[in-house]
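Structure at a glance
Listed here are the chains, written in short residue letters.
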Amino acid sequence: TWDQDNVKTLSLTIDGNKYTINDLSKFRKHIGEFQVDFPKDGIFGVDGGGSCKAVADGYYILIEALTPGTHKIHFKGTIPCIPFREDVEYTLTVK
C-alpha cells in the first residue's frame, strides 16, 4: 500500500468527462494478503508451478455499458517516489 499512498496525480477522462484524483479517491481498494497458485505449464513466467502470497491495492473503476459508437477512455497517474508514470488512452468501438 505504500506506493498507492504516494500517488500524486491521477485522472480519468471518458468521452470528454474528466475526473480528478479527488473524484477517484473513493474508488481505491486494498485487498489483504491472498495466495496465488500457478499451474505447472509455466504461465506468467513461473516454471514448474507453485504458489506465492500477493496483495492488491489500487483504483478500480466500473462504468455503465457504453452506447454503440466510438468512445475514448484516457487515464494517467504518477507515483514520483518510485518513479512510476502511466498515461494510457483507449479508443473503443461499441457495436
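The sections below set out a description of the structure shown in this document. Predicted, not measured: the structure shown is a model, and the values here were computed from it.

1. Some words on the overall build of the chain
In terms of regular secondary structure, the chain is built from two helices and six strands. Ordered by position from the N terminus, the helices and strands of the chain form the series α-β-β-α-β-β-β-β. Computed over C-alpha atoms, the radius of gyration of the chain comes to 17 Å, more than 25% over the 12 Å expected from 2.2 N^0.38 for 95 residues, which places it beyond the range of a compact globule. Dimensions of the chain, computed from C-alpha atoms along their principal axes, come out at roughly 45 × 35 × 20 Å. For the chain, the residues scored as buried account for 17% of the 95 residues in total. Carbon and sulfur atoms form 55% of the exposed surface of the chain, whose accessible area is close to 7,200 Å². For the chain, the separation between the mean place of its 11 positive charges and that of its 13 negative charges on side chains is 5 Å.

2. Let's talk about unusual backbone geometry
Of note, the amide linkage connecting isoleucine 82 to proline 83 takes the cis form, showing an omega dihedral of -10°. The topology assignment puts proline 83 in the loop between strand E5 (69-79) and strand E6 (84-94). If you check the backbone angles, aspartate 15 has positive phi at about 50° while not being a glycine. Structurally, aspartate 15 is set in the loop between strand E1 (9-14) and strand E2 (17-19).

3. Thoughts on the pattern of salt bridges
Pairs can form between side chains of opposite charge once their charged atoms are near each other. Applying the stated criterion across every chain yields a total of four salt bridges. The salt bridge partner of arginine 28 is aspartate 5, with a shortest N-O separation of 2.9 Å. Of this pair, arginine 28 sits in strand E3 (residues 28-38) while aspartate 5 is found in helix H1 (residues 2-5), placing the two residues 23 residues apart along the sequence. Here aspartate 57 and arginine 28 are joined by a salt bridge, their closest N and O atoms 2.7 Å apart. Here the residue aspartate 57 occupies a position in strand E4 (residues 50-59), and arginine 28 occupies one in strand E3, the gap between them amounting to 29 residues. Of the residues examined, aspartate 57 reaches a relative accessible area of 16% and is grouped as buried.

Basis of the calculations
Residues numbered from 1 in each chain as written. Predicted model: local features only at pLDDT ≥ 70, side-chain atom pairs only at ≥ 80, totals over all residues. Heavy atoms only, no water. Helix = DSSP H or I, 4+ residues; strand = E, 2+ residues; numbered from the N terminus. Rg over C-alpha atoms; globule rule 2.2 N^0.38 Å. Buried < 20%, exposed > 50% of the residue type's maximum accessible area, 1.4 Å probe, protein only. Areas by Shrake-Rupley, 256 points an atom, 1.4 Å probe, with all protein chains shown as cover. Lys, Arg positive; Asp, Glu negative; His and termini not counted. Charge placed at Lys NZ, Arg CZ, Asp CG, Glu CD. Salt bridge = Lys/Arg side-chain N within 4 Å of Asp/Glu carboxyl O.

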